[in-house]
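Okay, here's what each chain looks like letter by letter:
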Amino acid sequence: MAASKIEAELEQLQDEISNCEKSLLKLIQGKKIMVSNVPLNTSEINTKLQHTQIAIVGMASIFPQAKNLQEYWENIIQKVDCITDVPPSRWSIDDYYDPNPRTPDKTYCKRGGFIPEVDFNPMEFGLPPNTLEVTDISQLLGLLVAKSAIEDAGYGESRQFNRDIYDRLRQRTGVVLGVAVGRQLALPLSSRMQYPVWEKVLKSSGLSDEDTQIIIEKIKSAYVQWNENAFPGMLANVITGRIANRLDLGGMNCVVDAACASSLGALKIAISELVEHRSDMMLTGGVDTDNTIMAYMCFSKTPAVSPSENVKPFDADSDGMMLGEGVGMLVLKRLEDAERDNDRIYAVIKGIGSSSDGRYKSIYAPRPEGQMKALSRAYEDADCSPASVGLIEAHGTGTMAGDPTEFSAIKAVFGENNSKTQHIALGSVKSQIGHTKAAAGAASMIKTALALHHKVLPPTININQPHPKLNIESSPFYLNTETRPWITSDDQPRRAGVSAFGFGGTNYHVVLEEYKHEHKQPYRLHNSFQSVLISAKTPAELLSRCQEIQQQLQSDAGERHYAELIATGKALEIPIADARVGFVVNSLTQAGDLLQKTIDLLKNKLQAESWEHPQGIYYRKTGISKDQKVVALFSGQGSQYLEMGRELVINFPCLRQSFAQMDRLLCQDGLQPVSEVVFPHPVFNRESKAAQMEALQLTEYAQPAIGAFSAGLYKILQEAGFKPDMVAGHSFGELTALWAAGVLSEEDYCFLVKARGQAMATPQNSKSDNGTMLAVKGDVSQVKKLIADFPLVNIANLNSHQQMVLAGTKAEIAKVEEMLTAKGFHTVLLKVSAAFHTSLVAYALKPFANAIERVTLEPPQIPVYTNFTGTPYPNQAKVIQNILKEHLGSQVLFQEE
């Protein structure tokens, strides 16, 4: 009976095990692995990040010339080179520098990226001040940045809004940081222990025992003393331990050393903690404050440091890296949790891949095959194509071996099944701050998350010419050397990739994605331009007021006075009779410069009624009375230029949306997106630049470019409260005026803009002379008499008594230009595809008329003046339609209007 009972229990146990196995098999599906000799399916494990996306909800940093996150981003988009000479607080240039790389025990580099001085109050973190001398700086700055990152996420002791949520999260919040050295204190402590060596040397040199001991004690005094706080003060893992201790975090804490890939190694562990639900919030990133002479010697004798002391990633003249310091941290949560808690989300982590190089020629030589594995695994993890990425933040150290290897790897992965060329921006923040080693991945992650958040393609500096061996023109990449708006016209989210590689053949790549396609609330981290408005009863009093403000801005409290000046201007209501001056700035320095120019101009022009300085200083002796009318005037073709409104498009979502809407319409007709024509990727020779300018002169792009920019700009003015009494437009600009007055819906406006540009474009395979146009400045009545002998030349635009535009065949216009120039008239040959507003564009009339008949025309909500008659449009839709049809081929009567 006993045996049969045991057999029954064993059978029951086997059934239970079988049921567990079935449940596990059902839960985990995909590739086969072995667990206790049982084959299990694991695609769920390999692709879990696709189903549990990670949100970046907070960030903080200290990087060269940037005390905080805002200054870091500001430096990036303003293209600031943060590389400086080594400060005396790090090491002595006189002692350790020699330009000859072969000089023993010397470095041939005396520049790098150094973090600025920051305030640190030990009592804020409950640290006894007497322990600071034996506490590594990385531990102290780590605490500071960790607290800032958690507060940036909306949590922490000082943030009451999410206090209840934070109390719940705290015990399930972990911290994992990349730290490759983190033992700057170990060097002086170990150096102090070399006294037996000093003693032997001194005694062998003939010194007495007494003198030897005196000298030894003097040398010892140059180093910190050993005490009970020295050991924890120099340990790398205590960087995270101290953060968890002081901020009362209950999740895991540890540091990761993957050399220059340490930050992304830490990130991978942090993501695993969240994906596997062991933590609910993670603090991760990298810490590297080691720009000691020891670090310089390590990289100088490799050698990897730039002899020219300049970081030039992927450039033809790149010759090495520069060392940088930095601390950067990110706060991560599962996306669904971040949305539930109403967190601000900078970006979403879609995938991460890692690899090792395996056996290769040396332990520190980069291997493209190894990097390709990490890249491929990242996009497999993210379940998206590399071709869908718009930005790559490369490891990009500027070294002669590293950059070509990295480029060959990304070219292979991103070029696979991708016929598009030069559609992905490529860059590296190391060009600005140097290689921050263990914090390099964090610097790149923060930069890229902010790029996605702001919809901006950030620049890489110091590039004059791409390295010819890269053959970048035939790759999916272009080197982005300018701060540019990131405009997309399809529903695909903006995506970016971040790479970091480390000594020892370790490779990481992260795929990021924007959280929202567009913003509907204030989101800018960088300083935007602000208006300064100053007024007084008389010009003399205005001068005195400007001088008073200038003194305030130059004082120690300059920043406070600057903030007050901006705030005062926003609320300022200037009486009609008062004198006033205004300008637009984005910094205290710029405000001081323009204010000084204002003072100089006022001293010379106190009696002037008004003037506009070329550098943007506006002045009026009195205001405009309320009974005077205000007109909104919209530009016509010829006003377009490359990069027009770039800062506005970067800062205002409505302008990005305006360009995106026009892009979609042009792409439907097989044309290039107009945003790519207005904001083309950087080029490095005159021929390419000229080609970009010529593309924008093509009517099919010029008119949509002007139309998108004008409409977006008008929306910004409307949001600021601008209400014109009437509207008008010059030539093409009349379409925008009709939209602004409510005659055209936005959809119909964009359709007509596209249709007009395409109708007026030079017909394909056309061998006829469609003419050109010549702007003439001078007495119009005299010009009319002089061109009477040129019957093939017409007056296209009568703009004023002193300005007109002539149009005709190219041959005839050339003759007229020569004649008028000889007689002293100022002439400019316009870059247009045809002689607009003449019979030479008859080919465009019917296509555009057909387009006009397809739109709905409403009565104007405010008067719209037309070039056709010089009078307002009537209310009848049919009459408006007829005027629009005639407008294209008729003279522009702007002077009468």
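Quick note: structure is the one above.
Residues numbered from 1 in each chain as written. Predicted model: local features only at pLDDT ≥ 70, side-chain atom pairs only at ≥ 80, totals over all residues. Heavy atoms only, no water.

Enquirer: What is the right way to look at the overall build of the protein chain in this model?
Expert: Secondary structure summary: the protein chain contains 33 helices and 28 strands in total. Dimensions along the principal axes, computed over C-alpha positions, put the protein chain at roughly 110 × 90 × 55 Å. For the protein chain, with 897 residues in total, the buried portion stands at 53%. Excluding contacts between residues fewer than 6 apart, the proportion of contacts in the protein chain whose partners are at least 24 apart in sequence is 76%. The protein chain carries 87 positive and 101 negative side-chain charges, and their two centres are separated by 2 Å. (Helix = DSSP H or I, 4+ residues; strand = E, 2+ residues; numbered from the N terminus. Buried < 20%, exposed > 50% of the residue type's maximum accessible area, 1.4 Å probe, protein only. Contact = heavy atoms within 4.5 Å. Lys, Arg positive; Asp, Glu negative; His and termini not counted. Charge placed at Lys NZ, Arg CZ, Asp CG, Glu CD.)

Enquirer: Hey, could you run me through the pairing of strand S24 (residues 772–777) in this one?
Expert: A regular strand places its side chains so that they alternate between the two faces of the sheet. When you tally the buried positions in S24, you get 5 out of 6 residues, the bulk of the element. As paired strands, S24 and strand S26 (residues 803–808) are joined by 6 bridges and run antiparallel to one another. Each bridged residue has a counterpart across the sheet, and for Thr772 the counterpart in S26 is Gly808. (Pairing = 2+ DSSP bridges.)

Enquirer: What is the right way to look at unusual backbone geometry in this model?
Expert: Where the residue is not glycine, phi is negative for most of them; where a peptide bond is considered, it is trans in most cases. Geometrically, the link from Thr302 to Pro303 is a cis peptide bond, its omega value of -10° lying close to zero. Note that Pro303 resides in the loop between helix H14 (293–300) and strand S9 (326–334). Positive phi, close to 60°, is recorded for Gln65, a residue that is not glycine.

Enquirer: Help me understand the environment of Pro116, please; the structure alone is not making it clear to me.
Expert: Along the polypeptide, Pro116 turns up in the loop between strand S5 (111–113) and helix H6 (137–152). Residue classification places Pro116 among the partly exposed positions, given a relative accessible area of 22%. In sequence terms Pro116 and Glu325 are 209 residues apart; their C-alpha atoms lie 9.8 Å from each other. Ignoring sequence-local partners within four residues, the contact set of Pro116 consists of Ile62, Phe63, Pro64, Gln65, Ala66 and Lys67.

Enquirer: Before we go on, may I ask you to explain helix H33 (residues 877–887) in this structure?
Expert: Residue pairs three or four apart in sequence face the same way in an α-helix, which turns once every 3.6 residues. Along H33, the residues that are buried comprise Ile880, Gln881, Ile883, Leu884, Lys885 and His887. Residues of H33 that are buried in the fold lie against helix H28 (733–740), helix H29 (746–760) and helix H32 (842–852).

Enquirer: Any chance you could explain the sheet that holds strand S28 (residues 864–865) here in plain terms?
Expert: Each strand in a sheet pairs with another by means of backbone hydrogen bonds, the pair being arranged parallel or else antiparallel. Ordered in space as S22-S23-S28, the 3 strands form an open sheet in which the pairing is parallel. Unpaired on one side and paired on the other, strand S22 (631–634) and S28 mark the two borders of the sheet. Here strand S23 (residues 726–729) runs beside S28; their pairing, made up of 2 bridges, is parallel. Its bridge partner being in S28, Val727 is matched across the sheet by Val864.

Enquirer: Sorry if this is basic, but what is going on with empty space enclosed by the protein here?
Expert: As enumerated under the stated definition, the model contains 1 cavity of 30 Å³ or more in all. A volume near 40 Å³ is recorded for the largest cavity. Every residue along the wall of the largest cavity is listed here: Ser731, Phe732, Glu734, Leu735, Arg756, Phe848, Leu884, His887 and Leu888. Within the residue set of the lining of the largest cavity, elements represented by two or more residues are H28 and H33. Partitioned by chemical class, the residues of the lining of the largest cavity number 5 nonpolar, 2 polar and 2 charged. (1 Å grid on protein atoms, 1.4 Å probe; cavity = no way out; pocket = protein on both sides within 12 Å on 5 of 7 lines; lining within 4 Å. Points joined across faces, edges and corners; volume = space filled by probe spheres on them. Nonpolar A, V, L, I, M, F, W, Y, C, P; charged D, E, K, R; others polar.)

Enquirer: Is there a simple way to think about the pattern of salt bridges in this case?
Expert: Between side chains of opposite charge, a pair can form as their charged atoms come close. Scanning all chains against the criterion turns up 40 salt bridges. Between Arg340 and Asp341 there is a salt bridge, with the nearest N and O atoms lying 3.0 Å from each other. Using a relative accessible area of 7% as the deciding quantity, one classes Asp341 as buried. One salt bridge connects Glu564 with Arg560, and the closest N-O pair in it is separated by 3.1 Å. Taken together, the positions of Glu564 and Arg560, both in helix H21 (residues 558–571) and 4 residues apart, correspond to about one turn of that helix. A residue is classified by how much of its surface remains accessible, and Arg560, at 47% relative accessible area, is partly exposed. (Salt bridge = Lys/Arg side-chain N within 4 Å of Asp/Glu carboxyl O.)

Enquirer: I keep staring at the nonpolar core and nothing clicks. Help me out?
Expert: The nonpolar side chains of a soluble globular protein tend to be buried, and buried together. Counting 66 residues, the largest nonpolar core has Phe659, Leu735, Leu744 and Leu752 as its most contacted members. Ranked by size, the runner-up nonpolar core spans 55 residues in total, among them Ala258, Ile271, Ala425 and Leu525. (Core = buried A, V, L, I, M, F, W, Y, C linked by side-chain atoms within 4.5 Å.)

Enquirer: Could you clarify how one ought to interpret the sheet that holds strand S19 (residues 579–585) in this entry?
Expert: If you walk across this open sheet you meet the 4 strands as S18-S19-S21-S20, and the pairing is antiparallel. The strands lining the two open edges of the sheet, one partner per strand, are strand S18 (530–536) and strand S20 (610–613). Each adjacent strand pair in this sheet contributes to an overall mean axis angle of 10°, direction not counted. The sheet contacts of H21 involve S18 and S19, and relative to S18 the element is tilted by about 75°. On top of the sheet, helix H22 (residues 588–604) reaches S18, S19, S20 and strand S21 (617–620); it is set at about 150° to S19, its chief contact. (Axes fitted to C-alpha atoms, helices over the stretch in contact; angles between N-to-C directions.)

Enquirer: Would you take a moment to explain the packing of helix H26 (residues 686–697) against helix H27 (residues 699–719) for this structure?
Expert: Two packed helices can be described by the angle between their axes and the distance between those axes. One way to put it is that H26 packs onto H27 with a least axis distance of 5 Å and a crossing angle of 75°. Considered as vectors, H26 and H27 are oriented roughly perpendicular to each other. Counting all contacts with H26, which are made through Ala695, Leu696 and Gln697, the residues of H27 involved are Thr699, Tyr701, Ala702 and Ala705. Looking at side-chain class alone, the contact of H26 with H27 contains 5 nonpolar, 2 polar and no charged residues. (Parallel < 35°, antiparallel > 145°, perpendicular 65-115°, else oblique.)

Enquirer: Just checking my understanding: could you explain the layout of surface pockets for this structure?
Expert: Think of a ball as big as a water molecule: rolled over the atoms, this probe shows where empty space is left. Of the pockets and cavities examined, the largest pocket occupies roughly 1,100 Å³. Along its surface, the largest pocket is lined by 21 residues, and Ser531, Val584, Ile716, Leu717 and Ala720 are the ones closest to its centre. For the lining of the largest pocket, the element with the most residues is H27, which contributes 4 residues. Residues belonging to the lining of the largest pocket are distributed by class as follows: 11 nonpolar, 6 polar and 4 charged.

Enquirer: In this structure, what is going on with the packing of H32 against H33? I would like to understand it.
Expert: Orientation of H32 relative to H33, taken along the N-to-C sense of each, is 155°, at an axis distance of 9 Å. Here H33 runs roughly antiparallel to H32, going by the angle between their axes. H32 and H33 meet at a crossing whose hand is right-handed. Note on element contacts: H33 touches H32 through Gln881, Leu884 and Lys885, opposite Leu845, Phe848, Ala849 and Ile852. (Left-handed = near helix turned anticlockwise from the far one by under 90°.)

Enquirer: Before we go on, may I ask you to explain helix H10 (residues 209–220) in this structure?
Expert: Relative to the 16 Å expected for 12 residues at 1.5 Å per residue, H10 spans 16 Å between its end C-alpha atoms, a close match to the ideal helical length. Where H10 is concerned, the buried positions are Thr212, Ile216 and Lys220. One side of H10 holds all its buried residues, which, seen down the axis, span an arc of 70°. Those residues of H10 that are exposed and angled more than 90 degrees off the buried face are Glu210 and Lys218. Elements that come into contact with the buried residues of H10 comprise helix H8 (186–192) and helix H9 (195–204). (Expected span 1.5 Å × (residues − 1). Arc of directions from axis to C-beta.)

Enquirer: I'm lost on the environment of Val783 in this one. Help?
Expert: Along the polypeptide, Val783 turns up in helix H30 (residues 780–786). Considering only alpha carbons, one finds Val783 and Asp288, 495 residues apart in sequence, at a separation of 71 Å. Those residues in contact with Val783, other than ones at most four positions away along the chain, are Val776, Met804, Leu806, Leu820 and Phe825.

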